Amino acid sequence: MDEKFSVTHIAKSYAGVKALQDVSIDFASGLTAIVGDNGAGKSTLMKILSGVVHPDHGTIVLNGESVNISNPVSARTMGIESLYQDLALADTLNVIENMFLGREIVTRRFGIQVLDERAMAKATDATIARVKIRLPNPKTAVRYLSGGQRQAVALARALYFQAQVLLLDEPTAALGPKETSAFNSVIKELVDSGTRVVMVTHNIPQVIEMADSIVVMRAGRVVAKVGPQETTEQQLLAFMVGSQENIEEVSPQWAETNHR
């Protein structure tokens, strides 16, 4: 199977304001970090990839085929899981129900198909344990959970269903140092197992440490594609704000031809 995952010539405008302009990215194996200042278009791109927003133009390719990601449910069906800043969890449902929402485990009793609540509870406990972020009773509604605990539920869901692509939007913003370390360990485990991870973050040190490739966006465009070994935090910041002097210090094969 062709495992290619890419976007080509993606464009999106809101009331005449261009949020994305001709964005093309080939998401290689491993972790691709997307960085940029506020308004660069990062979150709009992630919402398009997760089916929350539809592009005005452009193509998304998954496994070598052009796909239409019509909504978050269709994204998950394709193997694309998402962790947002405002996590896509159902507040009134509990941890177990959110883990298996739309993909419940069923069994047959007396010839009737029913939910296998015991199997789902067992799977939830085991998967949450891998995330290493402590949660209360899994039958607690997620609206009562902290940001870090909600993050754990969403990450556990991606782990359990063996996401082909995992989209992360500022994933550690609500986490403390211990939780961040545990979270990063799980992300590395997913990458090692073959999951493509796309991460939007302002945490530049985390990008340098974890990313296999880095895409820099500015004003709705891709302005650079760099490897973590070929750049520094200062140079990434220069790309983000458009400091031409520092941009020119980067090996030219990594920089896009236009620095608008």
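A. Local environment of the confidence of the model for the chain. Across the chain, pLDDT averages 86, with 90% of residues at or above 70. Mean pLDDT across the secondary structure elements of the chain bottoms out at helix 9 (residues 244-247), with 50, and peaks at strand 3 (residues 31-35), with 96.

B. Looking closely at the sheet that holds strand 1 (residues 5-14). Read across the open sheet, the 4 strands follow the order 2-1-4-5; overall the sheet is antiparallel. Each edge of the open sheet is held by one strand with a lone partner, namely strand 2 (17-26) and strand 5 (65-67). Adjacent strand axes in the sheet meet at a mean angle of 30° when their direction is disregarded. Sheet topology note: the strand 4 (residues 57-62)/strand 5 ladder contains 3 bridges and is antiparallel. In the strand pairing of strand 5, Ile60 is matched with Val67.

C. Up close: the side chain of Thr127. As for its position among the elements, Thr127 is in helix 4 (residues 117-131). What Thr127 contacts, discounting residues up to four positions off in sequence, is Met99, Ala156, Leu159 and Tyr160.

D. Here's a closer look at the nonpolar core. Core analysis: the largest hydrophobic core is formed by 46 residues, its most contacted members being Leu31, Leu155, Leu166, Leu168, Ile187, Ile214 and Val216. Looking at which element gives the most residues to this core, the answer is helix 5 (residues 147-160), with 7 residues. When sequence neighbours within four positions are dropped, the list of residues in contact with Val216 reads Val35, Arg221, Val222, Val223, Ala224, Leu236, Phe239 and Met240.

E. Main features of helix 8 (residues 233-241). If you check which residues of helix 8 are buried, you get Gln235, Leu236, Ala238, Phe239 and Met240. Taken from the residues just after helix 8, Gly242 is the one with a positive phi, measuring 85°.

F. Main features of the packing of aromatic side chains. Counting across every chain of the model gives 4 aromatic pairs. On the numbers, 5.0 Å between centres and 85° between planes, the contact of Tyr160 with Phe161 is edge-to-face. Using a relative accessible area of 32% as the deciding quantity, one classes Tyr160 as partly exposed. Given the relative accessible area of 24%, Phe161 is considered partly exposed. Of note, Arg103 hangs over the ring of Phe161, and the distance from its end group to the ring centre comes to 3.8 Å.

G. The environment of Leu49, seen in detail. Mapped onto the fold, Leu49 is located in helix 1 (residues 42-49). Counting along the chain gives 113 residues from Leu49 to Gln162, while the straight-line C-alpha distance between them is 18 Å. Once residues within four sequence positions are removed from consideration, Leu49 is found in contact with Phe5, Val7, Phe27, Ile60, Ile69, Ala75, Ile80 and Leu167.

H. Summary view of the pairing of strand 7 (residues 106-109). Direction of pairing for strand 7 relative to strand 8 (residues 112-115): antiparallel, over a ladder of 4 bridges. The residue bridging Arg109 from the neighbouring strand is Ile112, located in strand 8.

I. Structural context of the sheet that holds strand 12 (residues 221-226). An order of 6-9-10-3-11-12 is seen for the 6 strands of this open sheet, with the pairing classed as mixed. The outermost strands of the open sheet, each flanked by one partner alone, are strand 6 (80-83) and strand 12. Pairwise comparison of adjacent strand axes, ignoring direction, gives a mean angle of 20° for this sheet. Here 5 bridges tie strand 11 (residues 213-218) to strand 12, and the two strands are oriented antiparallel to one another. Directly across from Val216, in strand 12, lies its bridge partner Ala224. Its contacts with the sheet put helix 6 (residues 177-192) on strand 3, strand 6, strand 9 (165-169) and strand 10 (196-200), and the angle it makes with strand 9 is roughly 155°. Packed onto the sheet, helix 8 meets strand 3, strand 11 and strand 12 and runs at close to 30° relative to strand 11.

Basis of the calculations
The residue numbering used here restarts from 1 in each chain and proceeds along that chain's sequence as written. Selection of residues for local features in this predicted model requires a pLDDT of at least 70, selection of side-chain atom pairs for listing and counting requires 80 or more, and totals for whole chains, interfaces and linings are taken over all residues. To get the side-chain values, all heavy atoms of the structure are used, and hydrogens and water are removed first. On a scale of 0 to 100, pLDDT captures the predictor's confidence in every residue. Counting from the N terminus, the helices are DSSP H or I runs at least four residues long and the strands are E runs at least two residues long. Each pair of strands is called paired provided DSSP finds at least two bridges between the two strands. In this description, a line fitted to the C-alpha atoms serves as the axis of each element, helices being fitted only across the stretch in contact, and the angle between N-to-C directions of two axes falls anywhere from 0 to 180 degrees. By definition, residues are in contact when any of their heavy atoms lie within 4.5 Å. Joining through side-chain atoms within 4.5 Å is the link that ties buried Ala, Val, Leu, Ile, Met, Phe, Trp, Tyr and Cys residues into a set, and such a set is a nonpolar core. Buried, partly exposed and exposed residues are distinguished by accessible area as a fraction of the type maximum, computed with a 1.4 Å probe on protein chains only: under 20%, between the cut-offs, and over 50%, respectively. Each aromatic pair joins two rings of Phe, Tyr and Trp (for Trp, the six-membered one) with centres within 6.5 Å, and gets the label stacked for planes under 30 degrees apart, edge-to-face for over 60, and tilted for any other angle. By the criterion adopted, a ring carries a charge over it if an Arg CZ or a Lys NZ lies within 6 Å of its centre and within 35 degrees of its normal.

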